[in-house]
Amino acid sequence: MAMLEVHDLYKRFEQTEVLKGVSLSVDKGDVVAVLGPSGGGKTTLLRCINFLEKADSGTLVFDGVTHDLSSITRAEIASIRLRTGFVFQNYNLFRNKTALQNVTEGLIIARKMEKKEAEARGMRLLEKVGMADRASHYPSQLSGGQQQRVAIARALSADPQIIYFDEPTSALDPELIGEVLSVMRSLAEEGMTMIVVTHEMEFAKNVSSRSIFMENGVIVEEGDSASFFSNPKYDRTREFLQMEENRTGI
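Keep in mind that this is a model prediction, so the values were computed, not measured.

Conventions used here
Residues numbered from 1 in each chain as written. Predicted model: local features only at pLDDT ≥ 70, side-chain atom pairs only at ≥ 80, totals over all residues. Heavy atoms only, no water. Salt bridge = Lys/Arg side-chain N within 4 Å of Asp/Glu carboxyl O. Helix = DSSP H or I, 4+ residues; strand = E, 2+ residues; numbered from the N terminus. Buried < 20%, exposed > 50% of the residue type's maximum accessible area, 1.4 Å probe, protein only. Phe/Tyr/Trp six-rings, centres within 6.5 Å; stacked < 30°, edge-to-face > 60°. Pairing = 2+ DSSP bridges. Axes fitted to C-alpha atoms, helices over the stretch in contact; angles between N-to-C directions. Contact = heavy atoms within 4.5 Å.

**Some thoughts on the pattern of salt bridges**
Phase 1: Inspection of the entire model under this criterion finds eleven salt bridges.
Phase 2: Here Arg83 and Asp63 are joined by a salt bridge, their closest N and O atoms 3.4 Å apart. Of this pair, Arg83 sits in the loop between helix H2 (74-81) and strand S6 (84-87) while Asp63 is found in the loop between strand S4 (57-62) and strand S5 (65-68), placing the two residues 20 residues apart along the sequence.
Phase 3: We classify Asp63 as partly exposed; its relative accessible area is 41%.

**Remarks on the packing of aromatic side chains**
Phase 1: Under the definition given, this model contains four aromatic pairs.
Phase 2: Pairwise contacts between aromatic rings join Phe86, Phe88 and Tyr164 into one cluster.

**Description of the sheet that holds strand S3 (residues 31-35)**
Phase 1: An order of S6-S7-S8-S3-S9-S10 is seen for the six strands of this open sheet, with the pairing classed as mixed. Either end of the sheet is taken by a strand with one partner, and the two such strands are S6 and strand S10 (218-224). In this sheet, adjacent strand axes meet at a mean angle of 15° when their direction is disregarded.
Phase 2: Bridging between S3 and strand S9 (residues 210-215) involves four bridges; their strand directions are parallel. The residue of S9 that forms the bridge with Val34 is Ile212.
Phase 3: Sheet strands touched by helix H5 (residues 144-156): S6 and strand S7 (162-166). Its angle to S6, the strand with the most contacts, is close to 170°.
Phase 4: Contacting S3, S9 and S10, helix H9 (residues 235-248) runs over the sheet at an angle of about 100° to S9.

In structure tokens, the structure reads:
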């Protein structure tokens, strides 16, 4: 059984139809790379399935339970969010809280965990992402890559069944990208289920188990990443991959 299924997801912003009946399925342990040109609907898809945007129509099946995205209740959303993590492009850390406090805030406030227990878990997760020695630092004292690693630790704090990554390296200087991708690669090796909207072709090619190419609000092509990169079915996918290869040298 799939951990996550999305069926016929539609989303419009005023007169622009951004998602046009998108469907996908994610199994436990999948690392799904979502690729495509800017404006193709990738981020909107991620935001709709994590309820940061309200879909106009469609269904979402999470852990075997079916939800109508146009009429999903706050209680249903809260229940799903307790089992998912989200890593934003621009970190979204609390500027007035330390790295450790950013990781523990949700555990203490939303999950009512004792502060001592939350801090112990937070330190374990900061250690996992190589940030234990920066636990008392504020975001302004951290590089972009370090902030993103704290954000990943925060996403892991809820022990999620799946983590969504929205362009997690696009705001980083080139020399900082590797440290974030390294953490994500480790999570993939441990079996974490992930959907990653990314322009990092090397990560998609070598780490993801499945790749999806989106353009103009639809999924043009999807498949296991080895076949997707070595033998794409459609000309448009081939053109996109060739363009990215020329840009990155991958």
